Each structure stands twice: as structure tokens, then as C-alpha cells.
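Each chain is listed here by its residues.
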Amino acid sequence: MRPRLSLVAAVPVLVGTLVIGARPVGPLPPLGALLDPANGAWALGRRAEHPGDLTVRIAALDAPVRIVYDDRGVPHIFATTERDALRALGWAVARDRLFQLEVQSRAGGGTLTELVGPAALEADRATRAIGLAEGARRRLAAIPRDGREWEALTAYAEGVNAWIDGLRPRDRPLEYRLLGARPSRWEPINSMHLLGRMGWTLAWNNDELLQLRARAVVGAAAADALFPIHSPIQEPIQPSGGRTPRDDFRPPPPPGPPEEDARLVAHAIAGLLPPPFAAARAAQGDAVGSNNWAVAGRRTRDGHALLAGDPHLELTLPSIWYEAHIVIPGELDVYGVTLPGAPMIVIGFNRDIAWTFTNTQADVVDLWREMVDDSLHPGRHRLDGTWRAIEPSVERYVDRRGRVLAIDTLRATHRGPLRRVGGQWLSMRWTVLEPAGEIEAFLGAMRARTAREFLDATESFAAPAQNMLVADRSGTIAIRSAGRYPLRSGDGRGDLIRSGESSSEDWRGEWPLARYPQAIDPIQGFLASANQQPKDSRDDPGYLGSNWPSPWRAIRINELLRADSAVTVETMRRMQTDPGSPRADRFVPAFVAAARSRAGSAALARAAELLDRWDRRYTRENDRAVLFEYAMRELDTRLWDELRVGASPPPSPGDAVVAQLLTYPDSPWWDDRSTPEVERRDDILAASLEAALARAERMHGDPGSEEWRWSSRRQARIDHLLGVPALSARGIPVQGGPSTLSPSSGTGRFGASWRMVVELGPELKAWGIYPGGQSGNPMSRRYREHVAAWRDGALDTLRFPRTADEIRNAAARAELRPTGGGR
């Protein structure tokens, strides 16, 4: 059992100030109220666990609903209608995660100030400025009121509000007491805010800014080569029939003359991504990726299809995921994880299929430079030779007491939000702001009986674009990069800012479904995705995005699966924390060979020897990965000096571009412009490695010391939603490193948010885990319950009973009954 939050640990929280990240939220309410033994923070300890049995009257219910909590705190919901099942899901999520429900919805709606005050003002402004709040309103308005999606949203809201209505002041979650706030009622729009926020996490990019910054210093041809629309290393999601990985290398053209217009625009839009967003995006790196793979029965030991899901997102306490099981006899039997606030199971399985996702990384947000009638307060913009009205909206930001903190006037064209950045006005169109059909898609997916039915059900899914992987009990495996992919005029690229003066520059439709990256039952017998470019550029050169993540994780998955024709559940589990690194396999030999080809210093020879002895595995106990990572940083600094302007760090091309450059030792990109000599590849590699050793010794002492161990250098950090240290789990040593199957960010705040393995035999079996527990109450033993097992790569057995009576050693039960007794 994990220890509960101790009173000693909680004292600094209660007498200090709360923070969001590093920003203070403000002073706490009077200490006496918090220490009140009957209703204060300490009272939460007495209500940290669910009572054994509970009967609740809910007016909206059609019939009684049974909820049985298993020994892991997972609610198994037994209902007679889908409406009641979703009411019960809303009630159960609110019971365990009420504060999380509210804070995540407010983050997506730009109303955090109403909960925490002025500290959240800039974050709220950023959210509304990019259109998330207005987009949620429009998406909700587009849902038919007599349809299934609306019914799901309203039923879920009724369940959440039923819990809130029965909540006594002394039972309010700790965070509300610390903030001096009370829970707000849940509305269907709140679910749309949550989904929009996830869309921002998964479908926002700044490709235009990268291109412009590069063009501003090295010209268009060089910029296109350094931030290419096709990855130099092809390992596609859709099997291409050729041998992979395939190196599609060509020498990058030398730096060219700067583009003055690009310099001006790049400077102007550098502030397009507001500070709270920019900081978060910069911290993510490769850790906000995901992995999934499925293996057909003919390549598994027991002849059953296997599926593994491993989404990488921000790590928080409580987790962004919540486990649940929904049963409607004869109609629905589905288990998995949901996002608190979403009226459906997002990733999971039923009796016949299992599914999971990774992010597609497609470019689904574009910018247009608009001509306006007034540079400060525009009312019209020029389109096809005529002036068109701009839609204004007034946004007020208030605190919990209704006091106005700020007022903004936001504007929009027919494309979307219009913003003044620098001296220019840019409009934006983004699929996340438009009707996406995600709720209808998930409701259909939960009921699918075959992989093909799942693909049919998710055709309506539009945003954020996801690589949807599915397997069924017949042995079929399939994948599709589901979403909406804009068709653009001209060369079709979306990584350049277009002129807003002509409607011919608008999106011209979208890719037809048949063109989507996808595969069903491939000859190779397995499928995998890890955020790499979805299609081989030889199969389809069409523009889906640019500057793709280097495909190291995809290479590793496919490498392991190709080598094993008898895959087991345990194989799949081990793969999720596999420490191998194709990235290190590419670069370590190059560093070592370069060092040994130079008559350098004794330090250089020592660095080469140390690196050469590394097995290139990011295990927690290894003491060489730190040297390699410093060498890669030093290489990045020396190699891309041509992109540097002033003291700002230059935009860095991906590792796949660097790997391509290794093939061309005399490329002018290797030359260090700060020296009179002309450097070649091995000069820069050797200098980078020698500097890396000096830096490692300066920072961590002699090689082999405890400070060189990877467990000392790379740790997970799972913060409480308000960043309260005593309510967080920090300093967790994890296996894996950059571009391994279990990457973690440099801040430690991003990584594997849910791991799942499913065996699709005659009786489906599943295992899974996330870093945290079902309860959002820090006093509960279920708050940090699975952190240690997650750290070690373990998976729990997921209990999937057909009836409530099959659940042995139930932790708690709840009976939800209609007002008046029901039937």
C-alpha cells in the first residue's frame, strides 16, 4: 500500500501559497478554516476512501444502476440504457475527480481566473485568443439536439451534477478548500472545452514559424532541406512494400541569402504562441509522442492477435486518465480509460476488439496574412478585391467574485481567429475549432464487433488527427490515420503563410478517405505507429505535414517485431519500456570514429573509449547515456550556428536531418563560422564529444560516479494539478531516454500516461497501468497507487467481469436509483 499524504508533509501547503507551475495563485483562505477538524482539510482523511455501500437517488435516471468498485478502485457500471450508463460514468468520475473535471474544462474554456484568480489571466487570454472557447461553442451548436451525441453530453452532465448536488461542504475536495472556492455545475459545453484542450495538446504546430526563421537567415532552399516536408528516414505507418527503414538522403543545399520578408514576418509572429503555451510546448520534446503496435495471430506464440497502446502525454496527479467499465446487458460491454469530462471510453476494448491511438502529427493549422482597413482596430479585411466585415467579440475575464480583471476584443475572419502580431494581422484556420464528430465516433467504436466495424464507426472523426489502431478476435489488425487533412492550393504546403487577399488561397476541401494512411491485415503480420510520417513519400508525395519527428521509436518497434515470430503478452509488456535506441546506434559509431580519426587530446581519446563501451541502452543503472546526450547537445550547437541570430537559440532541425548530414562529410553545414578554419564532419563530431566529456565532468564529477548514472539524470516528475509539491510525486527514476520507446522529457513532466496490452483470444484478456490512481483525493491510498509499478514497467491485470456478482473482494458499491424508487 502506498503511504498517504502525511500531516507533516501537508503543513507547508496549508500555510504557504498555491502555484500553477511556477506562478503563485495567491494567498490561502484563513488557516483556521482549513484546520477545522470537522470541515477543514484534515476531515478529508476520514473520507479518503469510498464507503462500503452507498445508495443515491438521482432524478434523471431511467432505471437503477449498480456500480461495483474493484480492488483497484475501478468502477464497473451495470445499467440498462446508454443514457443511464453515461449518467453513472459522470457521477463516478465526479466522485473521484471533481476538481480535475473543473480545472481541465476551465483550462480549455479560458475561465481559470474564475477559479484561481489573476494568476491564470495570461493562460486564459492565450486560450481564447487561439479560438478554443469560441470553437467549443460552435462545435456544440453544430450537434443536433435530437441525436446521440447530445444525449451523451447531457446524460454525462446530469451524472456529474448529481454528485455535486449531494456534496456537503465538508466533503469538497482539498483543492477547493485551498482556493476558497466551491464546485461549479457541469454543462455539455464543459466536455467540449476538455476535448478542445486535448486538441491543442495534440494538433497545434508552429511549422510556419520554423520555416520563416530558417528562411530569414539561410534562404528558402536551405530551409526546405532542414525542415523538410518528407522525413529523410522513411519508416511509414502504412507498410509500403519496400524494405524499411529507408534512408532517403540527399545533400542539403548550402546556406543561401537571407529572405528579408521572411525575417520581418518571423520577427512579427514570434509571439504568435503566447508564453504559457510556448513554454509547455518547448518542454515536451519527444516525450509527447505515443507508441502503438498490433501483431496478427500468425506471429504470436498462442495464435491470438495482440495489441499494445502507449500514449505519451503530460504526467499529472491525478492522472489525465480514469479507468472505467460499462455494461449494458446484451448491448454494450466496454472497458478502458476515459478523459475526465468525456462521455465515453477513449482507449480500451470490448469483448471483441481492442483499440488505441497515437498522434498523427499532421499539419492541420494554417495562417494567412490579411490586409485590413485599420492597422490598430480593423473592422474589415480585403478579399478578392472587396472589403469583408471582420467579426468582433468582447471577452471579459473575471475572478470568482465576478470582478473584471481584463477585457479583450477578439476578431475573426471567415477562416478563423484574427490576431495582430508585430505589425501584421494573421488569420488562422484549425480543424480543432470545427465540428469534429469525435463523440459520435467513440460511441460507435465502443460497440464495434470487428476491426472493420471500428474503422467504419470512426470515419466521422475529424480532430485531432490520430493513428487509430485496432485488432479483433478473428485476428484482423488494422490502422488508419483518422482525421481531416486539408487540401491546399498550389503546391499544397501548409508550412508557409499564405496571402489572405484571395479566396483561392483558402482550403479547397480535404483528402478523401481512400487516400488516408491506412492498412488492414498487412502481409508482414504487424502494424505500428510512433508519430512518424504516416506514408512513404514514394507512395504518396502529398503534403500531410513537415518537420516530422525522427522515426527512431517506430524503427525500434518494427525491428523488435520483425525479429520475433512468436510474440507473447510479456514481450509486448517489455517492449513498452525497452531501453534500446536506434538514434544512439546511428550516432555513437560516428562520434567514436571521428574521435579516433583525429590526433586529438587525451581527453578526446578517453571520451571515445567511454562512449564506445556503452551498450546504447538507456537503463536506469547505465553511466554512459549522459555523455552521449551532452555530445548530441554540443553537436546541435556547433552544427546549426548558421541558423543563430543574436543570443536566441536557433531553430534546430531534427535528428533525422543530422543523420542525413553524416553521409556528406564535406557539406558546408559542418563548418563552424566562428573559426578561421574550414571544419569538416569529423572535426565537429570530435570537438562535440570532447566538449561533452568536459561538461559532464564539470557537472557530475568523474565518469562512473553516482552522478553519472542515468537514474540520477533523468527522472519523471508527476505534479499535482496546482503544482503543489506535497501533493506531487517527483524524482522518479525511469528507464528510457530520448527517442526510446519510453521517452521522458527533460523536465520529467511528460511521458507514458497509460500503458495497455490486450490479448484477443476466445476470452479477451487485458493488462494496463497509469502513473497515479483512481482517486483525486491526496489523502487516499489510491492517489499515488500505481506510481511505483508504472516506474518499473509493470502492468496490472484489468478485471473484465460480465456481471457484478463476478467481482470478488469489491472495495465499494453504489446503487443509483431514480427519485421515487424506480423499478
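Preceding this paragraph is the structure being described.
Throughout this document, residue positions are counted from 1 along each chain, in the order its sequence is written. Local features are withheld for residues below a pLDDT of 70 in this predicted model, meaning they are given only at 70 or higher, and side-chain atom pairs are given and counted only at 80 or more; totals for whole chains, interfaces and linings count all residues. Water and hydrogen atoms play no part in the side-chain values, which are based on all heavy atoms of the structure.

Enquirer: Can you walk me through the overall build of the protein in this structure?
Expert: Comment: elements are numbered from the N terminus, with helices defined as DSSP H or I runs of at least four residues and strands as E runs of at least two. Helices and strands together make up the secondary structure of the protein, namely 23 helices and 33 strands. Projected onto the principal axes, the alpha-carbon positions of the protein cover approximately 85 × 65 × 60 Å. With 823 residues in all, the protein has 62% of them scored as buried. Considering only contacts within the protein whose residues lie at least 6 apart along the sequence, 72% involve residues at least 24 apart. Here, Shrake-Rupley sampling with a 1.4 Å probe gives the accessible areas, and only protein chains in the shown set may cover a residue. Carbon and sulfur atoms make up 51% of the accessible area of the protein, which totals about 30300 Å². Neither His nor the chain termini are counted; the positive set is Lys and Arg, and the negative set is Asp and Glu. Where a charge lies is defined by one atom per residue type: Lys uses NZ, Arg uses CZ, Asp uses CG and Glu uses CD. Across the protein, the mean location of the 105 positive side-chain charges is 4 Å away from that of the 103 negative side-chain charges. Between buried and exposed lies partly exposed: a residue is buried under 20% and exposed over 50% of the maximum accessible area for its type, with that area taken using a 1.4 Å probe on protein chains only. Contacts are residue-level and defined by heavy atoms, with any inter-residue pair within 4.5 Å sufficient.

Enquirer: Could you clarify how one ought to interpret the pattern of salt bridges in this entry?
Expert: Between side chains of opposite charge, a pair can form when the charged atoms approach closely. We define a salt bridge as a contact between a side-chain nitrogen of Lys or Arg and a carboxyl oxygen of Asp or Glu at a distance within 4 Å. Under the criterion given, the structure shown has 75 salt bridges. In this structure, Arg87 and Asp84 form a salt bridge, with 2.7 Å as the shortest nitrogen-oxygen distance. Of this pair, Arg87 and Asp84 both sit in helix α3 (residues 82–109), separated by three residues, roughly a single helical turn. You'll find Arg87 and Asp84 in the same group, each marked buried. For Arg556, the salt bridge is made with Asp578, and the minimal N-O distance between the two is 2.7 Å. Taken as a pair, Arg556 in helix α15 (residues 552–562) and Asp578 in the loop between α16 (569–575) and α17 (582–596) lie far apart in primary sequence, 22 residues in all.

Enquirer: Just checking my understanding: could you explain α17 for this structure?
Expert: In an α-helix there are 3.6 residues to a turn, and that puts residues three or four apart on one side. An expected span of 1.5 Å times one less than the residue number is assigned to each helix. Taking 1.5 Å per residue as the helical rise, α17 with its 15 residues ought to reach 21 Å, and the 22 Å between its terminal C-alpha atoms agrees with that figure. Within the span of α17, buried status applies to Pro582, Arg583, Ala584, Phe587, Val588, Ala590, Phe591, Val592, Ala594 and Ala595.

Enquirer: Looking at this model, I keep getting lost on the packing of aromatic side chains. Mind explaining?
Expert: Paired rings are identified among Phe, Tyr and Trp, the last through its six-membered ring, by centres lying within 6.5 Å, and are further divided according to the angle between planes into stacked (under 30 degrees), edge-to-face (over 60) and tilted (the rest). For the structure shown, the criterion picks out 18 aromatic pairs. The interplanar angle of 10 degrees and the centroid separation of 5.3 Å between the aromatic rings of Tyr335 and Phe349 together place this pair among those described as stacked. Of the two residues, Tyr335 is situated in strand β12 (residues 332–338) and Phe349 in strand β13 (residues 347–350); the sequence distance between them amounts to 14 residues. Overall, the relative accessible area of 0% leaves Tyr335 in the buried class. Using a relative accessible area of 0% as the deciding quantity, one classes Phe349 as buried. Consider the rings of Phe591 and Phe628, whose centres lie 6.3 Å apart with planes at 85 degrees: the pair is edge-to-face. With Phe591 in helix α17 and Phe628 in helix α19 (residues 625–639), this residue pair connects regions lying 37 residues apart in the sequence. Taken together through their ring pairs, the aromatic side chains of Phe591, Trp614, Tyr618, Phe628 and Trp710 make up a single cluster. Over a ring means this: the NZ of a Lys or the CZ of an Arg is within 6 Å of the ring centre and within 35 degrees of the ring normal. Over the ring of Phe800 we find Arg351; its NZ or CZ atom is 3.6 Å from the centre of that ring.

Enquirer: How should I be thinking about unusual backbone geometry in this particular structure?
Expert: With glycine set apart, most residues show a phi of negative sign, and most peptide bonds adopt trans. A cis amide bond links Thr244 with the next residue in sequence, Pro245, at an omega value of 0 degrees. With omega at -5 degrees, the peptide bond leading from Ala463 into Pro464 counts as cis. Relative to the assigned elements, Pro464 resides in the loop between α14 (451–457) and β22 (466–472). Positive phi outside glycine occurs at Arg616, with the angle close to 65 degrees. Here Arg616 shows up in the loop between α18 (602–612) and α19. For Arg616, a relative accessible area of 24% puts it in the partly exposed group. If you check the backbone angles, Asn809 has positive phi at about 55 degrees while not being a glycine. Of note, Asn809 is situated in the loop between β32 (796–797) and β33 (812–818). Take Asn809: its relative accessible area is 67%, and that puts it in the exposed class.

Enquirer: Help me understand the side chain of Glu149 in this model?
Expert: With respect to the helices and strands, Glu149 occurs in helix α7 (residues 148–165). One buried charged residue, Glu149, forms no salt bridge at all, with the nearest opposite charge on Arg139 at 7.8 Å. Setting aside chain neighbours within four positions, we find Glu149 in contact with Ile143, Gly437, Glu438, Ile439 and Glu440.

Enquirer: I'm lost on the packing of α17 against helix α21 (residues 681–700) in this one. Help?
Expert: The description of two helices packed together rests on the angle between their axes and the distance between the axes. Remark: α17 packs on α21, axes separated minimally by 8 Å, with the N-to-C direction vectors making an angle of 100 degrees. Relative to α21, the element α17 is oriented roughly perpendicular. In this structure, α17 contributes Ala590, Phe591, Ala594 and Ala595 to the contact, and α21 contributes Asp682, Leu685, Ala686, Ser688 and Leu689. Gly falls in the polar group here, along with every residue not listed as nonpolar (Ala, Val, Leu, Ile, Met, Phe, Trp, Tyr, Cys, Pro) or charged (Asp, Glu, Lys, Arg). Among the residues making up the contact of α17 with α21, the classes are represented as seven nonpolar, one polar and one charged. Where helices are involved, their axes are fitted lines through C-alpha atoms of the stretch in contact, as for all axes, and angles between N-to-C directions lie from 0 to 180°. The labels follow the angle: roughly parallel below 35 degrees, roughly antiparallel above 145, roughly perpendicular from 65 to 115, and oblique for the rest.

Enquirer: Even after reading the chapter, I still don't get the sheet that holds strand β14 (residues 353–359), so can you show me in this structure?
Expert: In a beta sheet, neighbouring strands are held together by backbone hydrogen bonds and run either parallel or antiparallel to one another. For two strands to be treated as a pair, DSSP must find no fewer than two bridges joining them. Taken in spatial order, the 11 strands make up an open sheet running β3-β33-β4-β5-β11-β12-β13-β14-β22-β23-β25, and their pairing is mixed. The open sheet has two edge strands with one neighbour each: β3 (53–58) and β25 (518–520). Neighbouring strand axes in the sheet, compared pairwise and without regard to direction, differ in orientation by 15 degrees on average. As judged from the six bridges shared by β22 and strand β23 (residues 477–482), these two strands associate in the antiparallel manner. Looking across to β23, one finds that Val470 is bridged to Ala478.

Enquirer: Even after reading the chapter, I still don't get a nonpolar patch on the surface, so can you show me in this structure?
Expert: Together, Val394, Val404 and Ile407 line one region of the surface with nonpolar side chains, adding up to about 260 Å² of accessible area. Structurally, Val404 is set in strand β19 (residues 404–412). Taking relative accessible area as the criterion, Val404 reaches 48% and is therefore assigned partly exposed. Surface patches are drawn from residues lacking salt bridges whose relative accessible area is over 30%; two like charges belong together within 9 Å, two nonpolar side chains (Val, Leu, Ile, Met, Phe, Trp, Tyr) within 5 Å.

Enquirer: Any chance you could explain the packing of α15 against α17 here in plain terms?
Expert: At their nearest, the axes of α15 and α17 sit 8 Å apart, and the two run at 105 degrees to each other. Classified by the angle between their axes, α15 and α17 sit roughly perpendicular to one another. Contacts from Trp552, Ile555 and Arg556 of α15 reach α17 at Pro582, Arg583, Arg586 and Phe587.

Enquirer: Looking at this structure, how should I read the sheet that holds strand β27 (residues 715–720)?
Expert: What the three strands build is an open sheet, ordered β10-β27-β28; its pairing is mixed. Edge positions in the open sheet fall to β10 (316–317) and β28 (729–733), since each of these has one partner strand only. Both β27 and β28 contribute to a ladder of three bridges, which runs antiparallel. Opposite Ala716, over in β28, you have Ile732 as the bridge partner.

Enquirer: Where do I start with the pairing of strand β26 (residues 526–529) in this structure?
Expert: Two faces belong to every sheet, and in a regular strand the side chains alternate between them. A two-sided burial pattern is seen for β26, the buried positions comprising Phe526 and Ala528 on one face and Leu527 and Ser529 on the other. Relative to β26, strand β8 (residues 290–295) is paired through four bridges, and the arrangement is antiparallel. Residue pairing in the sheet places Asn292 in a bridge with Ser529 of β26.

Enquirer: In this structure, what is going on with the pairing of strand β30 (residues 755–760)? I would like to understand it.
Expert: For β30, a buried count of six out of six residues is recorded, marking the element as mostly surrounded by other parts of the structure. What you see with β30 is no split at all: Arg755, Val757 and Glu759 on one side and Met756, Val758 and Leu760 on the other are buried throughout. Relative to strand β31 (residues 765–769), β30 runs antiparallel, the two being bridged by five bridges. Across the sheet, residue Val758 finds its bridge partner in β31, namely Ala766.

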